[in-house]
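Okay, here's what each chain looks like letter by letter:
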Amino acid sequence: MSKFKALGSWVAVETGGLKKEEKVTEQGVIYKESQLDNGLVVWSVVNSIGPDVVLDIKVGDSVLWKLGTNDGAHYKDSKITLDLVPQDAILAVEDAT
């Protein structure tokens, strides 16, 4: 795991599956990542939580958030790609326990 630490009220999340070339919706529509709408909501796994986050979440939880609410804030190294999401953009939490 990366030694990345979110600061302030930001939550670092790992969003799987969005980097593939083609995806298929439940309705059978095929699209490419470059066609993702910023209004799309996605589930991501929490990697790091800033010290000012007041939400009841922990590392390993799955969170639902809307693409485009993070102003393009990302972190990438050779092992991991993370989206940095402001806590107020998190819509729902699925507890890891």
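Keep in mind that what you see is a predicted model, and the values were worked out from it rather than measured. (Residues numbered from 1 in each chain as written. Predicted model: local features only at pLDDT ≥ 70, side-chain atom pairs only at ≥ 80, totals over all residues. Heavy atoms only, no water.)

A. Region of the structure containing the confidence of the model for the chain. Per-chain confidence: the chain averages 81 in pLDDT, with 78% of residues scoring 70 or above. Per-element averaging of pLDDT across the chain places strand β3 (residues 30-32) at the bottom with 59 and strand β1 (residues 10-14) at the top with 94. (pLDDT = per-residue confidence, 0-100. Helix = DSSP H or I, 4+ residues; strand = E, 2+ residues; numbered from the N terminus.)

B. Quick look at the nonpolar core. Counting 13 residues, the largest nonpolar core has V11, V13, I57, V63 and W65 as the members making the most contacts within it. Within the residue set of this core, elements represented by two or more residues are β1, β4 (41-49) and β5 (62-66). No other element matches the three residues that β4 contributes to this core. When residues no more than four places from it in sequence are discounted, the contact partners of I57 are V11, I49, V63, I90 and V93. (Core = buried A, V, L, I, M, F, W, Y, C linked by side-chain atoms within 4.5 Å. Buried < 20%, exposed > 50% of the residue type's maximum accessible area, 1.4 Å probe, protein only. Contact = heavy atoms within 4.5 Å.)

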